[in-house]
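Chain by chain, the residues:
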There are 2 protein chains.
Amino acid sequence: MTRRMVVIGGDAAGMSAASAARRLDADLEIVAFERGPRTSYAACGIPYVVSGDIDDVDRLVARTPEQFRTRFSIEVHTHHEVRGIDTAAGAIEVHDLEGGGSRIVGFDELVIATGARPIRPPMPGIDLPFVQGVQTLDDAALLTALATGADRPRVVVVGGGYIGIEMAEAFVRRGLATTVVDAAPTVMRTMDADMAELVEQALRDHGVEVRTGADVVGFEPGRVVLGDGHLDADLVILGIGVQPNAELAADAGISTGHRGAVSVDDHQRTSADHVWAAGDCAESHHRVLGRPVHVALGTVANRQGRVAGVNVGGGDARFPGVVGTAITRVVDTEIARTGLSESEATEAGFEISVGRIDSTTRAGYFPGATPMTVKVVADRGSGRVLGGQIVGGPGAGKRVDVLATAITAELTLDDMVNLDLAYAPPFSSVWDPVVVAARAALRG
Amino acid sequence: MTRRMVVIGGDAAGMSAASAARRLDADLEIVAFERGPRTSYAACGIPYVVSGDIDDVDRLVARTPEQFRTRFSIEVHTHHEVRGIDTAAGAIEVHDLEGGGSRIVGFDELVIATGARPIRPPMPGIDLPFVQGVQTLDDAALLTALATGADRPRVVVVGGGYIGIEMAEAFVRRGLATTVVDAAPTVMRTMDADMAELVEQALRDHGVEVRTGADVVGFEPGRVVLGDGHLDADLVILGIGVQPNAELAADAGISTGHRGAVSVDDHQRTSADHVWAAGDCAESHHRVLGRPVHVALGTVANRQGRVAGVNVGGGDARFPGVVGTAITRVVDTEIARTGLSESEATEAGFEISVGRIDSTTRAGYFPGATPMTVKVVADRGSGRVLGGQIVGGPGAGKRVDVLATAITAELTLDDMVNLDLAYAPPFSSVWDPVVVAARAALRG
C-alpha cells in the first residue's frame, strides 16, 4: 500500500521536507496543506521588496504549487488550514478556507511546518489597522504600496532586531520619516552593546531616528504611546520577534519547549511517533549552549525540513544544530554575529576573554577600504572560541563564517591565530581582521 | 651584555621579526640590513599601482627606516648587502652599496629574511631590457610610467599565475594590448583545469589575449619567440614564479630544501644554532601534504617573521604551517583556492571525491547576484576536506576562508554540510554555495 506523507505548511521547511522525501521515495504519496495562497517564498526578502531593491514580490516565490505538482508529484492544497491532529489515529482535520467544509486526512508520516508569527503583545490598540507585522507576501505588497504611495506615512518600527532594522532601512530609503523604538538600551540585543552602538550609528547616518530605552505601552490612531510620551505615526511595524505556531501540535499532546516551540530530536522527530516538525515552529539544538533554543531563520527551516524529509523518505539524516549565525545590513554597513555574545557567554556561566579590534575591509591603502570592527569571545581557560561579531563596510559581514566554522570545529584562539586565510590587497589587510581579533582575545 | 639581533632583509618577514622581538625585549640591540632603498613595502600591491587603483607607489610602504628607528629603536641600514654568514663565529659580512666598503658585524641571533626573486630562465634574450620582473617599488614605478606613457607598448606577460594575471589586468585596464602566454594547457596551474578555464574566460572578457600551451623559447628586440612562432612585444613581464634568495644561507652551510628554500622547523630555526629564517626565502610546512613546501606570500612572510621574532625575543611561538590559501581577481571576477586541488590531491596519493557547483553570490532574485562556481575536494574514505576553489563575482572569493578553516580543523564533508553559515538575501543564497559544493562532493 502506498504510504502517505502529510505536510502542514507550504513554506521553506514543509516544502523542503516534501522535496527531500520525494527524492528518496518515488512512490510516496505527498500531500501538503498551506493556509495561505502561496508556497515556498523567501520571507527574508520582504524588506528588500519594500525598499525597492526587488521590484516584484513574485520574485520571492521559489516554487509555485503547480511546479511542485508537475515536477515532484507533490500535491499542495493552498487556502487549506489544518485545525487538528490525531496522533493516535494518524489523521488530521483540514478546513478549506475558500470552498468551506472540513475533512479528515489520514497520514503515515506527518511533518509539522507551521512556521511562526510576529509577536503582537496584548496592549491597547495593538489591533488597530495601522499596526503591521511583516510575514506574508501580502504584507510585502501592502507595505510597498504604503511606502511608495502619495500619503508619505510617518513610520515607527517597534523593535530594533533584524527585521526591525531591515524594515527601517527600507522605509528610510523610500524617503519616509522613520523611527526605530527599542525598549533595550541599544538596538540589536543579539549583539553586545559596544557593537550594537555601531549599528545604531549606521541607522542614524542613513537618516533613521533611533529611540532606545523607550517603552511602547500602546497605540492610538496616529500615534505610538510610550511610557513617557508618544510618537506620531501613520504606520507601525512590529519587529519584536516571532512566536512559533505550535498550538496545533501542543493541542495534539505533542511536547513543546523553548518559547513554546515544538520539541524535536536531532532527526526532527517530535514526541509523537511518525510525527516530525521542522522550521520556525520547532526548536533547534544550540551547539555551544548545549540546549534547545528557538531560532526562526530561513537557513534553519530549509535544513531542518530537508532532514525531516530525508528521514521520512527512508534515509537517515541528522540536524546537529545551530551556532547562532545571523547577518544583515543597514544600507552599506554589514552586521553579523555567531555563537555567543559576551553577555550570552557570561550568562551561560563561561569565564571569558574578549578581543575587539578595528581594521579595514581591504588593505588600508586600497581604494574602497572601509572600517571593520571584529569582536571575538572565547573561553578563558581553554581558549575555545565561543562567538564573534562583525560590523563593517562591504565585504565585512560574511567573514563571520570563519568564526562560525571555528566554533563548530571547537577551535581555540591559538588555532585561529594560525589560520591560513586568503589575502590580497583588494580583499583584506595582510593580517586578516578576524585573526587580529583572535590575537587580541588571546592577550585580553 | 646587550644581546644583538641581526636581520638580513628589511621587508615583511625581516621587519616583522624585528618588531616582534622588540615587543618582548626592550634591551635587545636590533640591526637590520636591506639591500634596497626601502623597508616593509607591500609588494602584492604593485599590480594595483600599475593599474592605477593606487595612485602613489609610496602608499605601499608600511613603515620607513626612520619610523623603525624612532618608534622601535630598530636600526635599519638600507643599501647594505650582506655577502657572507659565518655561523661558527656568529658574524656576517656586510657591504655598503652606496658608501662602498665591507665590514663584519657580530650577532647573537640572526634572522635570514632575504626574500625571493622572479625566476629568469636561462634562455636567449632574457637579459634584454624590455624583459621585466615585478618585485620592487622601483619596478612598480617603471612599469607604471610605461603603462601610462605615450608609447603604448604591446605587453606580453609570460606565465598565467597570480602575478601574471594581476599584471595582465593592470595593463589591459590601462588600455594596452596585452597577451598572457602560458606553457600549460590552462592558466593558473594552482587550480584545476575546469576552474582555470573560468579564469581564462574572465581574462578574455576583459580584453586580455590568452595563449596557452605556448612555449616561450627566447626573446628578441620587439618580440617573444615561441616554439612555433612569435609574438610582437614592446614590454615583457615575467610571471613564471619566484625562487628563494637562499644562496647566502646555503653558502654558509645552512640546510635548504624544497625548491632550494631555507629549511626551518616550526619555530623558524634553521640548521644553524641562533640562526632563524622567515618569509619568501624559507620553507613552510604544508598542513595537508605533511611536508615542506615553498610558498612566497605576504601573509606567510608576516607570520613566519613574527614567530621568529617572538622566539628571538625570548617568547615561544610556533608556525604550524600553511594550507595553501591564495586569492586574486581579474577585474570583477574573484579567484581563490585553498588546500589541494583535484590534481594535487591525486598526485599526493589521495583517493578523492569532488563536488563542483554553480550558484550565485547573493540570493538569485537579489540585485547584484553574480555567478559563483565552487569546487570542493575531499578524501573519499574519511570525507575529510582537502581543498577548495572558487571563481565568481564580487563577494565570492573570501568565502574560501570557510574551506581553509575547515581544512585546518580537519572537518569532513558531513561537518561542512551542517555548518551554520550566515544568510540574508544580499549576502548569499539560502543554501550557502560552499555548503552546496560540499554536499555535491558527498554524493560525488
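The rules we used
- Residues numbered from 1 in each chain as written.
- Chains lettered and ligands numbered in written order.
- Predicted model: local features only at pLDDT ≥ 70, side-chain atom pairs only at ≥ 80, totals over all residues.
- Heavy atoms only, no water.
- Pairing = 2+ DSSP bridges.
- Helix = DSSP H or I, 4+ residues; strand = E, 2+ residues; numbered from the N terminus.
- Axes fitted to C-alpha atoms, helices over the stretch in contact; angles between N-to-C directions.
- Contact = heavy atoms within 4.5 Å.
- Buried area = accessible area lost by both parts, 1.4 Å probe.
- Salt bridge = Lys/Arg side-chain N within 4 Å of Asp/Glu carboxyl O.
- Disulfide = S-S within 2.5 Å.
- Buried < 20%, exposed > 50% of the residue type's maximum accessible area, 1.4 Å probe, protein only.
- Least-squares fit on C-alpha atoms with pLDDT ≥ 70 in both.
- Expected span 1.5 Å × (residues − 1).
- pLDDT = per-residue confidence, 0-100.

A. How the structure looks around the sheet that holds strand β7 (residues 109-112) of chain B. Residues and elements named next belong to chain B. Spatially, 5 strands are ordered β3-β2-β1-β7-β18 in an open sheet, and the strand pairing comes out parallel. Only two strands of the sheet have a single partner each, and these edge strands are β3 (74-77) and β18 (275-277). On average, each strand axis in the sheet is inclined to that of its neighbour by 20°, with strand direction left out of account. For strand β1 (residues 4-8) and strand β2 (residues 29-33), the ladder comprises 5 bridges, and the chain directions are parallel. If you follow M5 over to β2, its bridge partner there is I30.

B. Focus on the interface of chain B and chain A. With 55 residues of chain B in contact, the opposing surface of chain A contributes 55 residues. Among the residues of chain B in contact with chain A, B:Y365, B:D420 and B:F427 are the three that bury the most area, contributing 16% of the side total. With a shortest N-O distance of 3.5 Å, B:R303 and A:D420 are connected by a salt bridge. At the level of secondary structure, the elements contributing two or more residues to the side of chain B that touches chain A comprise α8 (298-312), β21 (326-330) and α10 (400-408) of chain B. Among the elements that take part in the side of chain B that touches chain A, α10(B) stands out by supplying 7 residues, more than any other.

C. Quick look at the state of the cysteines. Residue and element names in this part refer to chain A. Under the counting rule described, the total for this entry stands at 0 disulfides over all chains. The structure places no disulfide on C44, whose sulfur is separated from the nearest cysteine sulfur, that of C281, by 16 Å. Judged by its relative accessible area of 27%, C44 is partly exposed.

D. Quick peek at the relation of the copies chain B and chain A. Superposing chain B onto chain A takes a rotation of 180° plus a shift of 0.0 Å along the axis, which leaves an RMSD of 0.0 Å. In short, the pair behaves as if placed about a two-fold rotation axis. Considering only C-alpha atoms, the part of chain B nearest the rotation axis is B:V402, at 2.6 Å. Comparing interface residues between copies, 100% of those in chain B also lie at the interface in chain A; the contact surface is shared.

E. Local environment of the pairing of strand β25 (residues 385-392) of chain B. Residues and elements named next belong to chain B. Buried residues dominate β25, accounting for 8 of its 8 residues. In the sheet, strand β22 (residues 333-339) pairs with β25 via 6 bridges, with the strands oriented antiparallel. Bridging across to β25, T338 finds its partner in G388. One ladder, built from 7 bridges, connects strand β24 (residues 371-379) with β25; its direction is antiparallel. Looking at the pairing, A378 lines up with V385 of β25. Once β24 ends, the chain turns through 5 residues before running back antiparallel as β25, passing G383 with a positive phi of about 80°.

F. View of helix α6 (residues 193-205) of chain B. Its 13 residues give α6(B) an end-to-end C-alpha distance of 18 Å, which sits within 8% of 18 Å, the value for a rise of 1.5 Å per residue. Immediately beyond the C-terminal end of α6(B), within one or two residues, lies B:G207, with a positive phi of roughly 95°.

G. Spotlight on the confidence of the model for chain A. Here chain A averages 97 in pLDDT, while 100% of its residues score no lower than 70. ipTM for the predicted complex: 0.96, alongside a pTM of 0.96.

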